[in-house]
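Listed here are the chains, written in short residue letters.
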Amino acid sequence: MKLLSFKKGIHPKYYKELTRDKTIELLMPKDELVYPMQQHIGSPCKPIVKKGDHVLVGQKIGEETGYVCAPIYSTVSGIVKAVEERLNFQGMQVLSVVVVNDYTYEEVPHLQEAPFRDYKTLTKEEIVEIVKEAGLVGMGGATFPTHIKLSPPAHKIIKHIIINGAECEPYLTSDHRIMLEEGTCIIDGIKILLHMFSEATASIGIEDNKKDAISHLKELCQGEPKIEVEVLETKYPQGSEKHLIYAITGKEVPSGKLPADIGAIVLNIDSVVAIWRAVTKHRPIMRRIVTVSGKGVDKPSNFKVRLGMSYRELLEAAGWDERRTVRIISGGPMMGTALSSVDVPVGKGTSAILCLTAEEIGEYEMSNCIRCGRCVEACAMRLVPNTLHQAALNKDDETFMAYHGMDCIECGSCSYVCPARRPIVQTIRTEKNRIRRK
């Protein structure tokens, strides 16, 4: 059987064996939880609680300030200690609500009493409103508010619902474990999406290094004529939205366009579970499955944690060894963010925490570009990364735009293959942000 894929890309070392067989372990929070009001792409939330207030599990504490926004909920009951700026995993000071856990985990009354809700009785608009109110965002790391993705213009008919189970980043196995342990929830979540988009069929794209997940979901899909599991080649960045669409449908999303423009929407595996929980069980987004891995921890694990927990708590539970850890990354090694502190909270976009040793990161001294063209060969967007890199260094906006720099998905493949160890993707990312601000 031919594996589905895209053109170009790379094959990094994956290191998934560290956690792929580790079942999801529940990890409860300690005393203090921090909720940044910016956990999504778009405008930040406005705090609607103040110091001294008592809050409950599932109580809204951050209110939307615009359409591209997603509300934030408390994941514990307790007293609001402060509403102040706190550090997030991206190294920025963000207005946050700080709650002291009272360990009773008392829920708001409507969650305690909520009956199971049948999605078949709901309209598409009602489901979109439920998803919006639940604060759902893309759980693959992009954190784009999900209600917007589920609300394409009426003239754009959705025919392809693509569920991203590729999990192409090295080390990460949280989606893999969700597919094995919460497969029924995934299928039920897809049924909700098919109810919303009646002309569509659904495809679950899974890389072929997850054979047990492929087998399990294929079994669950038996008797579901509109849901199919598609086996993908294990290649990075297979989980990129545009590349996943191409691999499964053969269609390309044009430059400057969105998946809806070619009749597709793409959702992460955990996003589908979150939709099912919000629609049928009335649950806002309050938990994440997080992979803690790397050779800098003694017990690599997959944890189910509440939003607002400190990264330090997860690392301690995984047996973090500070002495042999030389770099800590939030997310995957290709697109994640290097941390300056582990005293930052788990947010909606937290997929993994990696503690990497000197052996794993293989530090080398940077040298001049030798024009070898490896970055061009690797670029899945078919760009010319070395030219974009130089244009970014020179702040040459004209050249950068002429070579379609804004189409870069910042996957990091160019930096990975560069023998001169040039920080190609970092400079391109900086230039993109500078042009957007400008």
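What you see is a predicted model; the values in this text were computed from it and never measured.

Novice: Explain the UniProt feature "binding site: [4Fe-4S] cluster 1" (unreviewed entry) in the chain to me, please; I cannot follow it from the model alone.
Specialist: On the UniProt side, "binding site: [4Fe-4S] cluster 1" (unreviewed entry) is annotated at positions that read Cys369, Cys372, Cys375 and Cys418 here. Over a stretch of 50 residues, the named residues converge on one spot in the fold, their C-alpha atoms separated by at most 10.7 Å. Following the sequence through the fold, Cys372 ends up in the loop between helix H10 (358-361) and helix H11 (374-378). A relative accessible area of 37% means that Cys372 is categorised as partly exposed. Secondary-structure assignment places Cys418 in the loop between helix H14 (413-417) and helix H15 (424-437). Given a relative accessible area of 9%, Cys418 falls into the buried group.

Novice: Honestly, the UniProt feature "binding site: [4Fe-4S] cluster 2" (unreviewed entry) in the chain in this entry has me stumped. Any pointers?
Specialist: As annotated in UniProt, the feature "binding site: [4Fe-4S] cluster 2" (unreviewed entry) corresponds to Cys379, Cys408, Cys411 and Cys414 in the numbering used here. Despite a sequence span of 36 residues, these residues sit close together in the fold, their greatest C-alpha distance being 10.7 Å. Locating Cys408 in the fold gives a position in the loop between helix H13 (397-402) and H14. With residues near it in sequence (within four places) discarded, Cys408 still touches Leu383, Ile428 and Lys432. With respect to the helices and strands, the residue Cys411 is situated in the loop between H13 and H14.

Novice: Please explain the nonpolar core as it appears in this structure.
Specialist: Within soluble globular proteins, side chains that are nonpolar tend to cluster in buried spots. Within the largest apolar cluster, 90 residues are counted, with the highest numbers of intra-cluster contacts made by Leu150, Ile161, Ile190, Ile204 and Leu314. Apart from the residues lying within four places of it in its own chain, the contact partners of Ile204 are Ile163, Ile187, Ile190, Leu217, Cys221, Ile227, Glu228, Val229, Glu230 and Ile269. The next biggest cluster of nonpolar side chains, apart from the first, holds 16 residues, and it includes Met381, Cys414, Ile428 and Ile435.

Novice: Where do I start with the pairing of strand E14 (residues 301-306) in this structure?
Specialist: Every other side chain in a regular strand lies on the same face of the sheet, so the side chains alternate between the two faces. Sheet analysis places strand E1 (residues 24-26) next to E14, joined by 3 bridges and oriented parallel. In the sheet register, Leu26 faces E14, and the bridge partner there is Lys304. Pairing geometry for strand E13 (residues 287-293) and E14, over 6 bridges, is antiparallel. Residue pairing for E14: Arg287 is matched across the bridge by Arg306.

Criteria and cut-off values
Residues numbered from 1 in each chain as written. Predicted model: local features only at pLDDT ≥ 70, side-chain atom pairs only at ≥ 80, totals over all residues. Heavy atoms only, no water. UniProt positions renumbered as here; feature names shortened; annotations may be inferred. Helix = DSSP H or I, 4+ residues; strand = E, 2+ residues; numbered from the N terminus. Buried < 20%, exposed > 50% of the residue type's maximum accessible area, 1.4 Å probe, protein only. Contact = heavy atoms within 4.5 Å. Core = buried A, V, L, I, M, F, W, Y, C linked by side-chain atoms within 4.5 Å. Pairing = 2+ DSSP bridges.

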